[in-house]
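# Examination of the molecular architecture
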Amino acid sequence: MDGGPSGLPAHGGWQHSIWSAQQTQRDALSVLDADSHRLPPALSRRVRERLETMADALASAFEPPRFTHGDCHASQFFLVQSDGGWQVSGVVDMEVASAGDCVVDVLKFGLELAVTSPRLRWWEPFFAGYGSTPDFELVRLRLLGWHAANFAAYGRPIPPRAVVLERQLAARDWAGVFGV
């Protein structure tokens, strides 16, 4: 668009879940509500208690605004090999790229790597390359709010939603979060 947007999205209008902590929470609670009839009531309550803290817990992830791909997959990066190693030479599928929660890109990329390379502890060199590790508890919180479709796109059968949620609640390390 010439000149970019003139302001924030209209209140009550559609917003991508990566745009604000409040929208991330609204979307996560909506997913839980849609799934609640298939979940044991105690599990649904435990997940809801966690998700109700989401907007406050994730507030710092949106400040300052950071570039976010919004639908990141490993296959969207073009690489070239040079004397110094591999370099990204291009990225595709940028229609939802915007300012937002960039950790979501890491999670989508990570779930894909967990399926294609289940024994590889990919996060160790990845986090080292970026110089920091995302907050573990906030990663688990984000994944608790994701729709099953976020896990379905990676080519393996998806366990029942209750199993996925129990696994995320029980995860105590990166291998547990990514199902390795």
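The structure under discussion appears in the preceding block.
Here goes a summary of the coordinates provided.

Rules of the game
Residues numbered from 1 in each chain as written. Predicted model: local features only at pLDDT ≥ 70, side-chain atom pairs only at ≥ 80, totals over all residues. Heavy atoms only, no water. 1 Å grid on protein atoms, 1.4 Å probe; cavity = no way out; pocket = protein on both sides within 12 Å on 5 of 7 lines; lining within 4 Å. Points joined across faces, edges and corners; volume = space filled by probe spheres on them. Helix = DSSP H or I, 4+ residues; strand = E, 2+ residues; numbered from the N terminus. Nonpolar A, V, L, I, M, F, W, Y, C, P; charged D, E, K, R; others polar. Disulfide = S-S within 2.5 Å. Buried < 20%, exposed > 50% of the residue type's maximum accessible area, 1.4 Å probe, protein only.

## Topic: the layout of surface pockets
Empty space within the largest pocket amounts to approximately 880 Å³. If you trace the largest pocket, you find 30 residues lining it, with Cys102, Asp105, Val106, Phe126 and Tyr130 closest to the centre. Elements supplying a minimum of two residues to the lining of the largest pocket: strand E1 (66-68), strand E2 (77-82), helix H4 (103-116), helix H5 (123-130) and helix H6 (136-144). Here the lining of the largest pocket is composed, by residue class, of 20 nonpolar, five polar and five charged.

## A look at the state of the cysteines
Each disulfide consists of a covalent bond between the sulfur atoms of two cysteine residues. By the definition in use, this model includes zero disulfides. Cys72 takes part in no disulfide bond, and the closest cysteine sulfur to it belongs to Cys102, at a distance of 11 Å. Taking relative accessible area as the criterion, Cys72 reaches 5% and is therefore assigned buried. For Cys102, a relative accessible area of 27% corresponds to the partly exposed category.

## Some remarks on unusual backbone geometry
That bond from Glu63 to Pro64 is cis: its omega, -10°, falls within 30 degrees of zero. By secondary structure assignment, the location of Pro64 is in the loop between helix H3 (54-58) and E1. Positive phi is not limited to glycine here, since Asp93 has a value of about 65°. With respect to the helices and strands, Asp93 occurs in the loop between strand E3 (85-91) and strand E4 (98-100).

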